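Understanding the architecture of this molecule
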Amino acid sequence: QVQLVESGGGLVQTGGSLRLSCAASGRTFSRSIMGWFRQAPGKEREFVAGISGNGGRTEYADSVKGRFTISRDNAKNTVYLQLNSLKPEDTAVYYCATQNPLYVIIINSPRVYEYWGQGTQVTVSS
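As the structure is a computational prediction, the values presented were derived from the model and not from experiment. (Residues numbered from 1 in each chain as written. Predicted model: local features only at pLDDT ≥ 70, side-chain atom pairs only at ≥ 80, totals over all residues. Heavy atoms only, no water.)

1. Side note on the packing of aromatic side chains
The following threshold applies: Under the pairing criterion, centres of Phe, Tyr and Trp rings, with the six-membered ring standing for Trp, must be within 6.5 Å; the plane angle then separates stacked pairs below 30 degrees from edge-to-face pairs above 60, leaving the rest tilted. Only runs of H or I of at least four residues qualify as helices and only runs of E of at least two qualify as strands under DSSP, and these elements are numbered from the N terminus. We call a residue buried when its accessible area falls under 20% of the maximum for its residue type, exposed when it is over 50%, and partly exposed in between, using a 1.4 Å probe and counting protein chains only. Both a distance and an angle decide whether a charge sits over a ring: NZ of Lys or CZ of Arg must be within 6 Å of the ring centre and within 35 degrees of the ring normal.
One pass over the structure, following the stated rule, counts five aromatic pairs. Aromatic pair F37 and Y113: ring centres 4.8 Å apart, planes at 80 degrees, arrangement edge-to-face. Taken together, the positions of F37 in strand β4 (residues 34-39) and Y113 in strand β10 (residues 113-116) put the pair 76 residues apart, joining distant regions of the chain. The buried category is assigned to Y113, whose relative accessible area is 5%. Relative to W116, the ring of Y113 lies with its centre 6.2 Å away and its plane at 55 degrees, an arrangement referred to as tilted. Among the residues examined, W116 registers a relative accessible area of 26% and is labelled partly exposed. Taken together, F37, F47, Y95, Y113 and W116 form an aromatic cluster joined through their ring pairs. Over the aromatic face of Y80 sits the side chain of R19, whose NZ or CZ is 3.9 Å from the ring centroid. Taking the ring centre of F29 as reference, the NZ or CZ of R72 above it sits at 4.4 Å.

The following block contains the structure:
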């Protein structure tokens, strides 16, 4: 069993920044591909970013490339998502998740992620 707890969300103005954290426990964290997803009201959950177990590989959705940065600290069992140059369309609940270890590359479909956190709300005002 894996427990994931997100934090760091909040209300910011357009152009502002936030840093989300996801603390993990319950399984060998350093072996897990981790992903960040988001879901806005009335929309499907969408991939934002993913990172390999050792942090050497990352993937981003086109909509956040150049603005968001995913990273991890395996000593702290924590994955981060730095959100810069925020836009109103970034408003959503952000979730972290662990990818099924059967898949060895970062996949952007939420269907291959096994464990999810409760989410943290990010609201960007215009």
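Alright, that's what it looks like, and here's the rest.
2. Considerations on the pairing of strand β7 (residues 68-73)
Basically, it comes down to this: DSSP-based pairing: two strands are paired if at least 2 bridges between them are found.
Covered by surrounding structure in β7 are F68, I70 and R72 only, the residues T69, S71 and D73 on the alternate face being uncovered. Pairing of β7 with strand β8 (residues 78-83) involves six bridges; the strand directions are antiparallel. Counted as the bridge partner of F68 is L83 from β8. Where β7 hands over to β8, the hairpin turn is made up of four residues, of which N77 adopts a positive phi near 50 degrees.

3. A closer look at the environment of V5
For the record, the criterion: Two residues qualify as a contact provided that any one of their heavy atoms is within 4.5 Å of a heavy atom in the partner residue.
Relative to the assigned elements, V5 resides in strand β1 (residues 3-7). Taking the C-alpha atoms as reference points, V5 and S25, 20 residues apart in sequence, are found 9.0 Å from one another. Sequence-distant contacts of V5, that is, excluding residues within four places in its chain, are made with S21, C22, A23 and Q118.

4. Here we look at the environment of G53
The topology assignment puts G53 in the loop between β5 (46-51) and β6 (58-60). Under the relative-accessibility criterion, G53 is labelled buried at 11%. With 52 residues separating them along the chain, G53 and Q1 place their C-alpha atoms 18 Å apart. Sequence-distant contacts of G53, defined by excluding residues within four places in its chain, comprise S30, R31, S32, I33, R72 and N74.

5. Observations regarding the state of the cysteines
Going by this rule: Count a disulfide wherever a pair of cysteine sulfur atoms falls within 2.5 Å.
Across all of its chains, the model carries one disulfide by this definition. Two residues, C22 and C96, share a disulfide whose sulfurs are 1.9 Å apart. Of note, the bridge from C22 to C96 carries an S-S torsion of about 60 degrees and is right-handed in sense. Of this pair, C22 sits in strand β3 (residues 18-25) while C96 sits in strand β9 (residues 92-99); the two residues are 74 residues apart in sequence, bridging distant segments of the chain. By relative accessible area, which is 0% here, C96 ends up buried.

6. Digging into the sheet that holds β8
How we decide: To obtain an axis, a line is fitted to C-alpha atoms, over the contacting stretch when the element is a helix, and the angle between two such axes runs from 0 to 180 degrees between their N-to-C directions.
The strand order across the open sheet formed by four strands is β1-β3-β8-β7, and the pairing between neighbours is antiparallel. Strand pairing shows two members of the sheet lacking a second neighbour, β1 and β7, which therefore form its edges. Averaged over all pairs of adjacent strands, the angle between their axes in this sheet comes to 15 degrees, without regard to strand direction.

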